[in-house]
Amino acid sequence: MPEYGPANRQSLALGLLGVFCFSLTLPATRLAVVDLDPAFVGLGRAVIAASLAAIALWATKATIPTKRQWLRLGATALGVVIGFPLLSSLAMKSVPAAHGAVIVGLIPLSTALFGAWLAKERPGPFFWLSTIVGSAAIVAFSFVAGAGAFQAADFLLLGSVIAVGFGYAEGARLSKEIGAWQTISWALLLSVPVLLPPVVMSAPTDIFAVRWTSLLGFAYVSIVSMYLAFFAWYKGLSMGGIARVGQLQLLQPFLTLAGGAIMLGESVQASQIITAIIVLCCVAVGRKSLPANTVVIQKH
């Protein structure tokens, strides 16, 4: 049976903190891309975060990963450092954060699916049924919101969901070996040689022409979304289990909708709320079908 001791409560608290930080990513990205190139926002955030990571790794004299761990760090980086930030930034150029919030409601399901594959967690049949129903609700919402057609941004957002689900699951596995903040730090540093050329090419020619709101949004996604949030998130996933703690992200669409309304003045439509509730119910059903052995509590 799952263990509900202090370690489990700590994993849930860390997971909730990570979810709260991630929930403001889309509204902050929406602010950033008003005056900044989406490619610069999507990839430049990782370059800023990598500079913080370099300082932290140097100051703590962190152990250098093994060759096998470097390969897995590269896979993690493809998902959370490159894939999700770039695809979601491109999508936020053309759709509201509230629209994106509903689609990224699939992240918990994506994370659990990759957890089942990579970490050998074995959800039951109700989990897979809820996955299909939740996915269908998201597809229907995207089709209706696009006036009978899917928008290019929907495919970008779905791609970002797949990328980040993989990055979360693989990063959580690595966190058990090298630590939570070390995992995201090394993944960021590994990405810099690939990211730097496109970031330089897409950088604003006149930084003083960029409004402070866009700079503030870029600062948030660079420092919080791309780095600090992962400290709590990867630690929570590694302590409490990828599928179980990952399901806490079912709260993220609602927090993102609220963030978009407060930060951007976006209106929240009834269809968005209904779809988010359907996804919430599907994820809740899927979570209850998880067997006890998906919960991994570390004693240290």
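Use the structure listed above.
Keep in mind it's a predicted model, so treat the numbers as computed, not measured.

Novice: Before we go on, may I ask you to explain the overall build of the protein chain in this structure?
Specialist: On a plain count of helices and strands, the protein chain comes out with 13 helices and zero strands. Taken over C-alpha atoms, the radius of gyration comes to 18 Å for the protein chain, in line with the 19 Å a tight globule of 300 residues would show. Judged by the C-alpha coordinates and their principal axes, the protein chain covers about 60 × 50 × 30 Å. A total of 300 residues make up the protein chain; the buried ones form 55% of that total. Long-range pairs, those at least 24 residues apart, make up 89% of the contacts in the protein chain with a sequence separation of at least 6. Within the structure as shown, the protein chain displays about 12800 Å² of accessible surface, and the carbon and sulfur contribution to it stands at 73%. Across the protein chain, the mean location of the 18 positive side-chain charges is 12 Å away from that of the 9 negative side-chain charges.

Novice: Please clarify how unusual backbone geometry should be interpreted in this entry.
Specialist: Glycine aside, a negative phi is what most residues show, and trans is what most peptide bonds show. Phi is positive for Lys61, which is not a glycine, with a value near 50°. Looking at where Lys61 falls in the secondary structure, it is placed in the loop between α3 (38-60) and α4 (67-92). Residue classification places Lys61 among the exposed positions, given a relative accessible area of 73%.

Novice: Help me out: how do you make sense of the nonpolar core in this one?
Specialist: For soluble globular proteins, nonpolar side chains are generally found buried alongside one another. Of all hydrophobic cores here, the largest spans 70 residues; its most connected members are Val81, Tyr168, Leu188 and Tyr234. Top element by residues in this core is helix α10 (residues 212-240). It accounts for 10 residues. Other than its neighbours up to four places away in sequence, Val81 contacts Gly42, Ala46, Thr76, Ile184, Ala187, Leu188, Ser191, Leu195 and Met226.

Novice: I would appreciate a short explanation of the packing of α3 against α10 in the present structure.
Specialist: The relative placement of two packed helices comes down to the angle between their axes together with the axis-to-axis distance. In contact at an axis separation of 8 Å, α3 and α10 are set at 55° when each is read in the N-to-C sense. If you check the angle between α3 and α10, you find them oblique. Of the two possible hands of crossing, α3 and α10 adopt the one that is right-handed. On α10, the residues that touch Phe40, Val41, Gly44, Arg45, Ala46, Ile48, Ala49, Leu52, Ala53 and Ala56 of α3 are Phe218, Val221, Ser222, Ile223, Met226 and Tyr227. Residues that form the contact of α3 with α10 fall into these classes: 13 nonpolar, two polar and one charged.

Novice: Is there a simple way to explain a nonpolar patch on the surface in this structure?
Specialist: Taken together, Phe126, Leu129, Val133, Ile274, Ile278 and Val285 make up a surface patch of nonpolar side chains, about 540 Å² in accessible area. Listing elements by their share of the nonpolar patch, those giving two or more residues are α7 (125-145) and α13 (270-288). Looking at the element boundaries, Ile278 is found in helix α13.

Novice: When you look at helix α9 (residues 180-202) in this model, what are you seeing that I'm missing?
Specialist: Count 3.6 residues to each turn of an α-helix, and residues three or four apart come out pointing the same way. Between the first and last C-alpha of α9 there are 31 Å, a value that for 23 residues agrees with the 33 Å anticipated at 1.5 Å per step. In α9, a bend of some 55° at Val192 exceeds every other bend along the element, and Pro193, a proline, comes one to four places later. Among all positions in α9, only Ala180, Gln182, Thr183, Ile184, Ser185, Trp186, Ala187, Leu188, Ser191, Leu195, Val199 and Ser202 are buried. If you follow the buried residues of α9, they end up packed against α3, α4, α8 (152-178) and α10.

How each quantity is defined
Residues numbered from 1 in each chain as written. Predicted model: local features only at pLDDT ≥ 70, side-chain atom pairs only at ≥ 80, totals over all residues. Heavy atoms only, no water. Helix = DSSP H or I, 4+ residues; strand = E, 2+ residues; numbered from the N terminus. Rg over C-alpha atoms; globule rule 2.2 N^0.38 Å. Buried < 20%, exposed > 50% of the residue type's maximum accessible area, 1.4 Å probe, protein only. Contact = heavy atoms within 4.5 Å. Areas by Shrake-Rupley, 256 points an atom, 1.4 Å probe, with all protein chains shown as cover. Lys, Arg positive; Asp, Glu negative; His and termini not counted. Charge placed at Lys NZ, Arg CZ, Asp CG, Glu CD. Core = buried A, V, L, I, M, F, W, Y, C linked by side-chain atoms within 4.5 Å. Axes fitted to C-alpha atoms, helices over the stretch in contact; angles between N-to-C directions. Parallel < 35°, antiparallel > 145°, perpendicular 65-115°, else oblique. Left-handed = near helix turned anticlockwise from the far one by under 90°. Nonpolar A, V, L, I, M, F, W, Y, C, P; charged D, E, K, R; others polar. Patch = residues over 30% accessible without salt bridge, like charges linked within 9 Å, V, L, I, M, F, W, Y side chains within 5 Å. Salt bridge = Lys/Arg side-chain N within 4 Å of Asp/Glu carboxyl O. Expected span 1.5 Å × (residues − 1). Bend = angle between axes of the 7 residues up to and from the residue.

These figures capture arrangement, not role.
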